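Per-entry structural report
As a plain string of letters, each chain reads:
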Amino acid sequence: MVHNPRAGLARPAAREVCVSKPPATSDRPWSSTAPPGEFRPYISPEETLKEFTIRAVVLGALFGLLFGAVTVYVGLRAGLTVSASIPISVLSISILRAFGRSTILENNIVQTTGSAGESLAAGVMFTIPALIFLGFGSEFTFWRIFPLALLGGWLGVLFMVPLRRQLIVKEHGNLVFPEGTACADVLVAGERGGSFAGRVFWGLGLGGVYTFLMNTVQAWTAQPENRPTWFPGASFRVAITSEYLGVGYIIGSRVAGILFAGGIISWLVIMPAIKFYGQLAGNVPIYPSTIPIPQMTPDQLWSNYIRPMAAGAVAAAGLITLLRTLPTIISALRAGLKNVRAESAGQSNAATRIDREVPMRWVIGGSAVIIFMMWVLLTFHPMQGAKTEWWQNLFAGVFVTVFGFLFVTVAARISGLLGNSSNPISGMSIATLMATCAIFFVAGWTAPNYQVLALMIGGVVCIAAAIAGATSQDLKTGYLVGATPFWQQMGLLIGVTVSTLAIGTTLNLMNKGLEKYLPTQIPVNIQSLPSGVKVERDTFTYQGKNYVLINALGSHEVPDGEYLYNPSANQIEYQWAQGIGSDKAPAPQARLMATVISGILNQRLPWRLVLMGVALVVAVEILGVRSLAFATGSYLPLGTTAAMFAGGLVRMLVDATTRKKDESEASPGALYSSGLIAAGGVFGLLGIIINLLQDPEISTRVPQWVTSIFRLPWRPDLFSFGPKLLGSLAVSNLFGIIMFGLLATSLFYFARKKLD
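Because the structure is a prediction, the values reported are computed rather than measured.

**Topic: the packing of aromatic side chains**
Here the structure, examined in full by the defined rule, presents 36 aromatic pairs. Between Phe 486 and Trp 487, the ring centres sit 5.1 Å apart and the planes meet at 75 degrees, which makes this aromatic pair edge-to-face. With a centroid separation of 6.1 Å and 90 degrees between ring planes, the pair formed by Tyr 547 and Tyr 574 is classed as edge-to-face. Taken as a pair, Tyr 547 in strand S5 (residues 545-552) and Tyr 574 in strand S7 (residues 571-577) lie far apart in primary sequence, 27 residues in all. Of the two residues, Tyr 547 and Tyr 574, neither departs from the other in class, the shared state being buried. Across from the ring centre of Phe 486, 4.2 Å away, lies the NZ or CZ of Arg 356, which sits over that ring. In this arrangement the basic side chain of Arg 591 is found over the ring face of Phe 133, its NZ or CZ atom lying 4.2 Å from the centre.

**Digging into the pairing of S7**
Taken across its 7 residues, S7 has 6 buried, putting it largely inside the fold. Two strands pair when backbone bridges link them, and strand S3 (residues 516-523) and S7 are joined in this way by 6 bridges, in the antiparallel orientation. Along S7, the bridge assignment pairs Pro 519 with Tyr 574. As paired strands, strand S6 (residues 561-566) and S7 are joined by 5 bridges and run antiparallel to one another. If you follow Glu 562 over to S7, its bridge partner there is Trp 576.

**Thoughts on the environment of Leu 564**
As for its position among the elements, Leu 564 is in strand S6. With residues near it in sequence (within four places) discarded, Leu 564 still touches Tyr 517, Phe 540, Tyr 542, Tyr 547, Val 548, Leu 549, Gln 571, Ile 572, Glu 573 and Tyr 574.

**Structural notes on unusual backbone geometry**
Across the junction of Tyr 287 and Pro 288, the peptide omega takes the value 10 degrees, indicating a cis bond. Counting through the fold element by element, Pro 288 comes out in the loop between helix H8 (242-278) and helix H9 (298-324). Cis geometry is found at the peptide bond from Leu 712 to Pro 713, where omega equals -5 degrees. Secondary-structure assignment places Pro 713 in the loop between helix H21 (704-710) and helix H22 (722-726). Backbone geometry at Gln 218 places phi at a positive 60 degrees, although glycine is not the residue there. Turning to its location among the elements, Gln 218 is positioned in the loop between helix H7 (195-216) and strand S1 (225-226). You can call Gln 218 partly exposed: its relative accessible area is 38%. At Asn 570, a position not held by glycine, the phi torsion is positive, near 55 degrees. Tracing the backbone shows Asn 570 in the loop between S6 and S7.

Calculation criteria
- Residues numbered from 1 in each chain as written.
- Predicted model: local features only at pLDDT ≥ 70, side-chain atom pairs only at ≥ 80, totals over all residues.
- Heavy atoms only, no water.
- Phe/Tyr/Trp six-rings, centres within 6.5 Å; stacked < 30°, edge-to-face > 60°.
- Helix = DSSP H or I, 4+ residues; strand = E, 2+ residues; numbered from the N terminus.
- Buried < 20%, exposed > 50% of the residue type's maximum accessible area, 1.4 Å probe, protein only.
- Lys NZ or Arg CZ within 6 Å of the ring centre and 35° of its normal.
- Pairing = 2+ DSSP bridges.
- Contact = heavy atoms within 4.5 Å.

As structure tokens, this is what we get:
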């Protein structure tokens, strides 16, 4: 539920990197952790080096595209994200050096511009996919995602401008900004280059080969599983992907273990208990399921009963995290408002290069433009079935700026105190949604169109808070190395704009590439639909036949989902199972947002299950365990948390066999793991694209000349020749586990191999 999974845990202090500088700059070693009275930037204000160059901006934009897409892919599957700043810094030093001598300020611009994509993606995927779960899946398109992501990203960058001097400069020594400080250390010490970048490329290469052979060639199963008959309702499984292994290593054995513990409670305790006691119900379905419990598979038990329970757990854990940081929130607001007043009074004119930043009038004007753009978007380009009045849309725009400034301030200060890892972004989003939905409920705005309006407000605020937390770390890096804030802020705006293209495209690609049409026979009277079922579209074409698209959410008669209704047969014939929300991309945070909105406005939540999740979180907190990771693990499929736990075990084994522990984000194992994560995302997306090109109906979705050039559709077995070559090994659980073990062994080897 947080931007990075190490929520609420103590982070190692940033390493002190002392590098002797040229005599012209300083006669003392530079240290990122020097106290305020002694600190000086690595590049002095009097020096002028190449900084905002074309090659730096272009390379940063390319990294933003890459890591934005990878973060969306991994985040939708695992529900977690990891920081991309360190890998981008390392790769930038190596790549720019190949094109001639680069300056540290150029590398900083690359890192600043590129990391915007990763943080923006986290905010987008936490919220915007909730449109699907609210019954507007047909409206989940690139042109719906793009403007909302762009507005939230711009808002987060602009609102950080008046906060920079207070949080980054004046509170140097009080606010440590661990990721930003570590990144500055890497930029300074990384001049030695060499194996820093090589370690990332090894992870990318080996992880890419592994992912391609597993997903595309289908040389071995991607998820070994066993459903023992002696333990009905349970399922032992592990999703053996390179990205989960890498994430598990980076977050460490403790957090990975807490995540896995949540999965064990859900899949190996609660689900078998439901199956055991559910036998007493016979053939009577128990809400929210429409299938009798004795007939349910483990996946059906998880989707019907565990999801609502775990949603309550995640919501409670997010709010507890938010309340725990309440003193920080109050102080952050006071400091932020004080700084805005000082800026407005003209008390912060730039005296040197390192004081120059975006003027306050740009911030005020930009905020007004964002309110206007949101009003235009909601008023003149509304979603089908979700049109609202112009004054309600104006209210939404104002709400976004008010909540946006509130939580941007909070996110930046918490990020400085505890690190971006501990930022309760989703908790802030839930608080925004609850406040918005409470106002809507009192006003009587409970129709589906107001659910969408509430999501738009919460989504843009969540994106702004996510980008602000990461932006504050980037600005801290710039302050330490002596960058020009104005050029960093320009790089962030460019990075946000460019990355939005990749994020919108990836979300749409995953939703389409993983979708399925499942034959489902359910008699329904379209003239008198059951409660919780509505017509989403009057006409929907599938396989050359026209259907009515209907949506079910919180109905006792029809399971949640979207369905194709055949008017001539008076029944549902297919379930349109979109990619996002499936077992391959569960999107837990987005589903939680939809649950909160629908539950408050429609009052149709399975409250008993939700309260069970809340009680579970309270018990975990009493035991002294930070509950956010546990609650997230209870929501995710067991295979996901099991694979991450394997990565955590490798990390524990490396620490146990290494004399000097290096827990920084630039350690050999962390760099190799970053490569594994990137490989899983890049080659996972490649596999989805290949699946789309094999779609029998692709010729009706692309121009004729594209079909002719690429000879579409491709035959289904064009790349998936693994089963033909390997026979039964390709579907063997044991063989898949052996291959995953070999990948884990490579991680252990490279994590113990020192950097040059």
